[in-house]
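# A closer look at the structure
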Amino acid sequence: MSASDPKQRHRPGPWPPEPKPMPPSSWAKKTGFRPKFSGEANASEIALQPKPRDPHTALDPQPPRAPPPANGVAHRDKAPPPSSKDQLPKKRRDSDGVPKSSVLSTNGQATTEPPPRRPARHEEVVDMPPDDDGFVSRHSHMKYELRDSPGLVPIGVYGIQHYVSMLGSLILVPLVVVPAMGGSHEDTSAVVSTVLFVSGVTTLLHTSIGSRLPLIQGPSFVYLAPVLAIINSPEFQGLNENKFKHIMKELQGAIIIGSAFQTFLGYSGLMSLLVRLINPVVVSPTIAAVGLSFYSYGFPLVGTCLEIGAVQILVVVVFSLYLRKISVLGHRIFLIYAVPLGLAITWAASFLLTEAGVYNYKGCDINIPASNMVSEHCRKHVSRMKHCRVDTSHALTSSPWFRFPYPLQWGTPVIQWKMALVMCVVSLISSVDSVGSYHASSLLVASRPPTPGVLSRGIGLEGLCSVLAGLWGSGTGSTTLTENVHTIAVTKMGSRRAVQLGACFLIVLSLVGKVGGFIASIPEVMVAGLLCFMWAMLSALGLSNLRYSEAGSSRNIIIIGLSLFFSLSIPAYFQQYGISPNSNLSVPSYFQPYIVASHGPFRTEYGGLNYFLNTIFSLHMVIAFLVAVILDNTVPGSKQERGVYVWSEPEVARNDPAVANDYELPLRVGRLFRWVKWVGL
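Conventions used here
- Residues numbered from 1 in each chain as written.
- Predicted model: local features only at pLDDT ≥ 70, side-chain atom pairs only at ≥ 80, totals over all residues.
- Heavy atoms only, no water.
- Axes fitted to C-alpha atoms, helices over the stretch in contact; angles between N-to-C directions.
- Helix = DSSP H or I, 4+ residues; strand = E, 2+ residues; numbered from the N terminus.
- Left-handed = near helix turned anticlockwise from the far one by under 90°.
- Contact = heavy atoms within 4.5 Å.
- Nonpolar A, V, L, I, M, F, W, Y, C, P; charged D, E, K, R; others polar.
- Buried < 20%, exposed > 50% of the residue type's maximum accessible area, 1.4 Å probe, protein only.
- Disulfide = S-S within 2.5 Å.
- Core = buried A, V, L, I, M, F, W, Y, C linked by side-chain atoms within 4.5 Å.

Time to look at the packing of helix H10 (residues 306-322) against helix H12 (residues 338-355). Contact pair H10 / H12: the axes reach a minimum separation of 9 Å and the direction vectors enclose 145 degrees. Pair H10 / H12 crosses with right-handed handedness. Judged by residue contacts, Ile308, Val311, Gln312, Val315, Val316, Phe319 and Ser320 of H10 engage Ala338, Leu341, Gly342, Leu343, Ile345, Thr346, Ser350 and Leu353 from H12. Here the residues of the contact of H10 with H12 sort into 10 nonpolar, 5 polar and no charged.

Listed below in structure tokens is the structure:
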């Protein structure tokens, strides 16, 4: 009988066909976990399925002639080409060192499909569908990746753009810390110049002999709360003369000791062991608690001049959300430059209001202290004159044109062990923050995530960079800024050379004293408005790490909820303990959470121990980290559910040219330290 006889034709099964189960990945073999959809799926598991039929459409009486496909992939010579809306772009790079038959999971593990097969023409291999703002698990749609060097002019432009987009993260911390220490506008200008100089130097070091990822180093918000707690220590309350320099030397000593501990943590290889305890369910609430902890500082200070501070927040929100898709010459300028553009517009509006005399009050002089004002009318409006006017600062006129920041410029650091121990704990929290940034940024710009040795090397160098920050007197430690990941995803620029060239530009800029004076003259209420946006962004960036785990899992929901709640509630208990409702405190209301060392519940006969415990348990990020790390590592859960970070294996990395080129030390320096296996490939 002819082969074309309809009676002998192979009758296909139901459509769409059920995909065949694929071999589990390495960790699933050990745990026996069989998910319906895993972040570590093989290429065939995430191949696009045919679009289901509309239930209202009449069934085709003539069944298709093609045999039933395997794993949801139709026969190559029979399948019609799919429509464009059902496809996702295939993104692969020849030099990424990943086999064509493998894909990267959402947490960076490359898996190959055994046995290898040739995909059909219409089959698309995808890594992760990009969202609206460019967050992807691989480097799709990146303009420049880690080792790209398109030329001096392009990388120079993109390098400067990278730093301008992160301007708020670089300059806002000293604008809060120095006035809290009693520093003048000139002191603020000098510290801002020092921060820019140290940030440029440490970024060059980190991109050269650290993790080698394009991550800007700077004064992280992780250090802000403990620094404010040290500034408001009881022993500093009665200081009047040289208060700024005295507190700065105490801070320098604490930062140097805490950073030395972080250096030991990295270069000893202990970090490669501790990283097994650090996963997205731990990183997310820890970083989110850093941003949420400043709720008592943000808007209360904005309220001192509501028409300026609220407008500052509103403009930045409009630029970053409502106008984020507007592109000029291929650049989404409102999204990339939301903070500097918002600051410039609000500052200009405030300047016009000041020049128009809106904040002039008859018979009142802003240069006269409020305590010396006789008129009740002037005392009533002194706060508005101080916070709304833009001409109250003389930092720009008094700062020199050239200033070179040098080590020990404030004097010899003073070491108090109770403050140094606080900074040791903070350096551990900073390392947790950096672990999340390393992993997320490597999925965007590198061929594979770094090895545990590269991670330890980066943490160790961050400790050395913070030691330099302590010696130069920047007021905070230097660490990887959390906002790096968002900036890389938005600007689509991950070139290491561009970040290095931008760091050189930042060093040159720090030598111009007028730049520091200009930044120091930003009105305090505008700083508070920008900080409200930056801290909200920081909290969201922390929670975004949950995309590597099963965010809908009841296990993870309970752990995240407990971590965030107790990170707010337990510090509130410490901060309110021993304070009567009618007590008249000598510090502003927004600094009251940081004076806990003088009235906390720990009151043993050892004053240093009381200081350490009361301060540590009043820090929101410490409580969030402790609750999350204990629960995540004791409550049973699969690796997929927990979203366990997958780092590259050292043997695989050493044999993969792409990974070696991404993370090996330059100028053959790595060969000299190859015997130190725990800090290299």
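That covers the picture; the talk isn't over yet.
This brings us to the side chain of Ser293. With respect to the helices, strands and loops of the structure, Ser293 is situated in the loop between helix H8 (280-292) and helix H9 (298-302). On the basis of relative accessible area, Ser293 is assigned to the buried category, the value being 7%. When residues no more than four places from it in sequence are discounted, the contact partners of Ser293 are Tyr594 and His620.

The next thing to look at is the state of the cysteines. Summed over all chains, the structure comprises 1 disulfide. The partner cysteine of Cys305 in its disulfide is Cys388, sulfur to sulfur 1.9 Å. Disulfide Cys305-Cys388: the torsion about the S-S bond is 125 degrees, which places it as right-handed. Remark: Cys388 occurs in helix H13 (residues 376-388) and Cys305 occurs in the loop between H9 and H10; sequence separation between them is 83 residues. The class for Cys388 is buried, based on a relative accessible area of 1%.

Met181, Phe221, Leu224, Ile231 and Ile522 are the most contacted members of the largest nonpolar core, which has 128 residues in total. The dominant element in this core, judged by the number of residues it contributes, is helix H15 (residues 417-445), at 12 residues. In terms of nonpolar packing, the next biggest core, distinct from the first, is built from 6 residues, Val281, Ala288, Ile559 and Leu564 among them.

These results come straight from atomic positions and should not be treated as a statement about function.
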